[in-house]
There are 2 protein chains.
Amino acid sequence: MRPCNALYAQAGGVTAVINATAAAVIRAWRARGEAVGALYAARGGMPGVLREDLIDTTAESDATLSALRHTPGGIFGSARFRLGEPEEDRATWSRIASVLRAHDIGILFYNGGNGSAVTALQLAGLEQVCGHRLACVHIPKTIDNDMAGTDASPGFGSAAKYLAVSLREAAADVASMAGTSTRVFILEAMGRNSGWMVAAMGLAANDRQQPPHLLLFAERPFDPDDFLARVSTTVAHHGYCVVGVSEGLRTADGAFISALEASGPGGEAQLGGVAPRLAALVRDRLGLKCHWATADYLQRSARHIASAVDLAQAEAVGTAAVDFAIAGRNGVMPGILRECDAPYRWRIEAVALHEVAGREKRLPAEFISPDGHHISAAARDYLLPLIQGEAPQRFEDGLPVHAAPALVPVPCRLPPWQATGKS
Amino acid sequence: MRPCNALYAQAGGVTAVINATAAAVIRAWRARGEAVGALYAARGGMPGVLREDLIDTTAESDATLSALRHTPGGIFGSARFRLGEPEEDRATWSRIASVLRAHDIGILFYNGGNGSAVTALQLAGLEQVCGHRLACVHIPKTIDNDMAGTDASPGFGSAAKYLAVSLREAAADVASMAGTSTRVFILEAMGRNSGWMVAAMGLAANDRQQPPHLLLFAERPFDPDDFLARVSTTVAHHGYCVVGVSEGLRTADGAFISALEASGPGGEAQLGGVAPRLAALVRDRLGLKCHWATADYLQRSARHIASAVDLAQAEAVGTAAVDFAIAGRNGVMPGILRECDAPYRWRIEAVALHEVAGREKRLPAEFISPDGHHISAAARDYLLPLIQGEAPQRFEDGLPVHAAPALVPVPCRLPPWQATGKS
């Protein structure tokens, strides 16, 4: 019997190291030689599967695979995708099965976060629903670090390192001139629902005397008066104040600070961003010069300052996923198991997807310091190992060299997909 | 006769490599051994001189000097400072002369931008005004790159590299998901009056097919309709659009976009930032999902991605300044003279300060492409050499190690300074 083919698909927001996972999957697959079929990739994630828009990874050179280790973003394209239950979304299920069947695909590597893990768990049941045998292995990634079943989510460590490094550097700048210029600096991190990224900024301080002086977590309601009082006290004591804030900061009644209406007479929509709003507050109420930065995608694509540990884990989950799939495992995910904090030791283990899908690993309450505005020692013990080591990359003409993959399409075998309203 | 002492002072906005200049000055001074006196540094720039707040650099270890090469910000502190003409600001002139005289200071190294060069030129005339003999050597630095008399301003190359690298990385992220998510990404650069920093973002594109697709220069009036039309066309052609914009972007009638009022019903002040305003425009008028980032101080403190050429030039101007001062030069600046574009060759030459002070090197019109929205080949030829080479730094526990200088104060010899209203 001819061995089946496999499909790799990226899902959800991309990271600085998800392409390293892709390269690891391709390498591990190739290492199996004749024992396995072809490995395809979906262009643009699951919507690409529905379009039968597949890429033959066989055409990618070793040089491209090496370059993928150094390339941020998702080289095959990614998408947020939600699959309905079979009874309500029959056409989509059938189309997926048809595409997989048409291309002899018996293994799906789904590289996503905890939302995508729900889809992966659904697809692990494809045989029961559609009669097409599929081993579905989910591969973890997300800068949000909110996945259950794994010590960290690949992508998070690099974003964390970027934020801690950037905050430490910007703080050195602010400290230089605080006597006569900017007194308050605010750096905004991503993370709508949780403060993992803000916590990472706390690593820039070796103790509470060093910046950041204040962290504003998505987990704690924002109290403007308390915030301003803390900024004042910090400026009086240190001469300046550096603040790390989550884009998900909310008021006590749950309203996102970033969504507060700031429309002008012309009715312009909100401008977005928590940091500029807090900066306006500091300027208006305290009369202090305030600067702010919003790193946005820079923090999840900064491959040039990636964490070596994060990169190693991103590759390890890719390699393990191939082992699991070839061993016939279905509905599992390679999770990272922490064996020791210092020195950091970890290994990969298989985690059942029903222990991951739909669950959210929130920042533990004990990771926030008792005053609610910094990280605890426990948080440091957890976070610090994840940003260890630098992961140098190739530069050419002063700029990072990114992969230029061949992206050879797999010829279609089915009629074009007519998306229904449902999917 | 005992050799005189010297004073080093930082002025204006700091950079990722100004401390490398400081370390070079200290090393070059020390290399003169017994032939020279002590080298002091002003804490917090010229206001520190007025306060007689001086630091004895003799106490700084070789390890600290090495670490300064890797430390962003201004380690001795910096300030914007404007000195009036002698007839209107007599007290300040006298105080400066008194402090210099009290500490036998006959040489001043003033490390600043083109605004600070005016002060340096004034102080080069201190002997005529106050009878205290002083050799004043200005040392160039500024991320704005708007100094005359030098091929580039140390600090600019590193900020330029940060912006080009960050834009290339974020663009890879956006490209991955544009099919179903963010279509437009806007990165905002510093530079109130000129587009040097925006031009640097243009380096991320090897040709016009690559991002950034659009650059919005401070030099060109902003036309919202034209901008939106270009964004639409780009999205239609490439699937996404990456924009680099100057914080100094203005409307045709000269109003800063970032200063346009966006006050809400409560009368909140403006929130600042050009990028969020453009993003709101794209969302409201084109209905496209848009993300934006404002790097602010991150771009001028990102020592971790500094340019090796910039670092070398920052050190070279420091070393040359010591040579010039000891040779008795007054009112000069070590400028960088470009000998060749490719391979980039440069050398240091002495430039008279009256050719630098108060002059502004604007982005040449021919550095902007004919359509007004990208850089020309001439701009690439000029800019590319400045971001060449990486300048690795020491990391500890995953984070950059910054200098922890001794900052030993020089005992005061004068009564405290009572600042007058004037200064």
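Residues numbered from 1 in each chain as written. Chains lettered and ligands numbered in written order. Predicted model: local features only at pLDDT ≥ 70, side-chain atom pairs only at ≥ 80, totals over all residues.

Draft legend 1. Fine view of the packing of helix α1 (residues 18–31) of chain B against helix α12 (residues 308–326) of chain B. Residue and element names in this part refer to chain B. Between α1 and α12, the shortest axis-to-axis distance is 7 Å and the interhelical angle comes to 35°. Crossing of α1 against α12: the hand is right-handed. For the pair α1 and α12, contact is made by I18, A20, T21, A22, A24, V25, A28 and W29 and by L311, A314, E315, V317, G318, T319, A321 and V322, respectively. A breakdown of the residues in the contact of α1 with α12 according to their chemical character gives 12 nonpolar, 3 polar and 1 charged. (Axes fitted to C-alpha atoms, helices over the stretch in contact; angles between N-to-C directions. Helix = DSSP H or I, 4+ residues; strand = E, 2+ residues; numbered from the N terminus. Left-handed = near helix turned anticlockwise from the far one by under 90°. Contact = placed C-beta atoms within 7 Å. Nonpolar A, V, L, I, M, F, W, Y, C, P; charged D, E, K, R; others polar.)

Draft legend 2. Looking closely at the environment of A:L281. Residues and elements named next belong to chain A. Its place among the elements puts L281 in helix α10 (residues 274–286). You can call L281 partly exposed: it has 19 C-beta atoms within 10 Å. As a C-alpha pair, L281 and L228 span 53 residues in sequence and 8.2 Å in three-dimensional space. Once you skip the residues sitting within four places of it in the chain, L281 turns out to touch P224 and L228. (Buried ≥ 20, exposed ≤ 12 C-beta atoms within 10 Å, placed from the backbone.)

Draft legend 3. Representation of the environment of A:S166 within the structure. Residue position: A:S166 is located in helix α7 (residues 156–177). C-beta crowding within 10 Å serves as the criterion here: with 26 such atoms nearby, A:S166 is assigned to the buried category. When the C-alpha positions of A:S166 and A:A204 are compared, they lie 8.7 Å apart, and in sequence the two are 38 residues distant. When neighbours within four sequence positions are excluded, A:S166 is seen to be in contact with A:L187, A:A295 and B:L298.

Draft legend 4. View of the domain arrangement of chain A. Residue and element names in this part refer to chain A. The domains assigned to chain A are domain 1 (5–153 + 306–359 + 390–400) and domain 2 (156–301). The C-alpha-based centres of domain 1 and domain 2 are spaced at 34 Å. The interface of domain 1 with domain 2 comprises 17 residues on the first partner and 11 residues on the second. Per-class residue counts for the side of domain 1 that touches domain 2 are 7 nonpolar, 7 polar and 3 charged. (Domains from an automatic or database assignment.)

Draft legend 5. Up close: the interface of chain A and chain B. Taken together, the contact pairs 71 residues of chain A with 71 residues of chain B. Of all the secondary structure elements, the ones that give two or more residues to the side of chain A that touches chain B are β4 (78–79), α7, α10, β10 (290–294), α11 (298–301) and β14 (399–400) of chain A. In terms of residue count, the dominant contributor to the side of chain A that touches chain B is α7(A) (13 residues).

Draft legend 6. A look at the relation of the copies chain A and chain B. Least-squares fitting of chain A to chain B yields an RMSD of 0.0 Å, with the transformation described by 0.0 Å of translation along the axis and a rotation of 180°. Such values leave the two copies arranged in the relation of a two-fold axis. When you check the interface residues of chain A against chain B, 100% turn up at the interface there too, and the contact is symmetric in its surfaces. (Least-squares fit on C-alpha atoms with pLDDT ≥ 70 in both.)

Draft legend 7. Spatial organisation of the nonpolar core. The biggest cluster of nonpolar side chains holds 292 residues, and the ones touching the most others in it are A:F109, A:A164, A:I186, B:F109, B:A164 and B:I186. Ignoring anything within four residues of it in the chain, the contact list for B:A164 reads A:L399, B:A200, B:M201, B:L203, B:A204 and B:I387. (Core = buried A, V, L, I, M, F, W, Y, C linked by C-beta atoms within 7 Å.)

Draft legend 8. Representation of helix α4 (residues 90–102) of chain B. Residue and element names in this part refer to chain B. In this model, α4 (13 residues) spans 18 Å end to end at C-alpha, consistent with the 18 Å of a helix rising 1.5 Å per residue. Among the residues of α4, those classed as buried are T92, W93, R95, I96, V99 and L100. The buried residues of α4 occupy one face: seen down the axis, they fall within an arc of 165°. Elements in contact with the buried residues of α4: α2 (46–50), β5 (105–112) and α6 (126–130). Backbone geometry just downstream of α4 places D104 in the positive-phi region, at approximately 55°. (Expected span 1.5 Å × (residues − 1). Arc of directions from axis to C-beta.)

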